[in-house]
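Tertiary structure, described
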Amino acid sequence: MCPHHKLAPRGYFFPTSLKMLLYTTGGKGSIRYIFVHGNHEISSFSDEITVDAKIVVFTGRGNMYVVNGSYTGSIDKVGSVYGDNADNSSTKYSFSNGVCTHVDGEPNKFVPARDFTELLLKNVSIPTLIMVEIPTDQIGFSSKLQDDVLYLAIMVYGRSDRASCSLDDRVYLGKTMRSFVPYFVQSLSIGSDSYLPGDAQTACKEITDCLELNADEKELNEFIEVYRNRYFRDPSVPKEAILESCLLNIVKMPFDLNSSIMHGLIKQ
């Protein structure tokens, strides 16, 4: 048994035989997650807080299955659930003494992978976009999908005890969620069980190849240009270099839940 087993919330420790977790678990069997944007929040959270966030559950094909707790039904086209009016929509998650008690003012409303999601909502910087692979039977709803795992994307815009993110940040995260994340999920899911921490360069090149092959060219190019304008401001940098730089920042540091709790990055 893993020595950190006792640190994981109930229901979130998995046998090492489980395949397709984000990066090979190295025997720990703990959920791993990565930051597409943002980081952990080092300061403690208040007893009573409200978190402004958007939660999306993807299949391994990059299709959106649940958005903010509402089922989208069958989706044939990657990313098709999003429209111009949906990019910046969000939900209010209200916490009392560390427990989420209301969602948009309603008690007992469904939250995907509730225990894990509650921990992240309270423990990340503003703004943040996180992606995690979670076994389908741990997501919290009955699914007819054949996927062994589903991908949970959590986008946090603000907290009542912190300043909210700027409009520019909100628009950037919305564009990232719509034009990049579905294709990133699709590309990563093909071989996520073969990547190891420290193998980020190889992962970046393979994911880049998959993205260029499978992603909608118009949407991917739009995201690359948004990323260029935000971080490079240099029109001469090739698109491939921008994409690989973006991916390297994402995949170079996977976190696992047990270790994050042990080292104080996640406070329960």
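Residues numbered from 1 in each chain as written. Predicted model: local features only at pLDDT ≥ 70, side-chain atom pairs only at ≥ 80, totals over all residues. Heavy atoms only, no water.

1. Description of the side chain of Thr 117
- Its location among the elements puts Thr 117 in helix 1 (residues 114-122).
- Overall, Thr 117 belongs to the buried group, its relative accessible area being 0%.
- Looking at Thr 117, its side chain comes within polar contact range of the main-chain oxygen of Pro 112, at 2.6 Å.
- Residues within four places of Thr 117 in sequence aside, it is in contact with Ile 55, Val 111, Pro 112, Leu 152 and Ile 154. (Helix = DSSP H or I, 4+ residues; strand = E, 2+ residues; numbered from the N terminus. Buried < 20%, exposed > 50% of the residue type's maximum accessible area, 1.4 Å probe, protein only. Polar contact = N/O pair within 3.5 Å; in protein donor to acceptor, adjacent residues only side chain to side chain. Contact = heavy atoms within 4.5 Å.)

2. Remarks on the packing of aromatic side chains
- Tallying each qualifying case throughout the model produces ten aromatic pairs.
- Through a chain of ring-to-ring contacts, three or more aromatic side chains come together here, namely Tyr 172, Phe 180, Phe 184, Phe 223, Tyr 227, Tyr 231 and Phe 232.
- Between the NZ or CZ atom of Arg 170 and the centre of the ring of Tyr 157, over which it lies, the distance is 3.8 Å.
- One residue, Arg 230, lies across the ring of Tyr 172, its end atom 4.2 Å from the ring centre. (Phe/Tyr/Trp six-rings, centres within 6.5 Å; stacked < 30°, edge-to-face > 60°. Lys NZ or Arg CZ within 6 Å of the ring centre and 35° of its normal.)

3. Concerning the state of the cysteines
- Per the counting criterion, the structure on display carries zero disulfides.
- Of all cysteine sulfurs in the structure, the one in Cys 204 sits closest to Cys 246, which takes part in no disulfide; the separation is 8.8 Å.
- What makes Cys 246 buried here is its relative accessible area of 4%. (Disulfide = S-S within 2.5 Å.)

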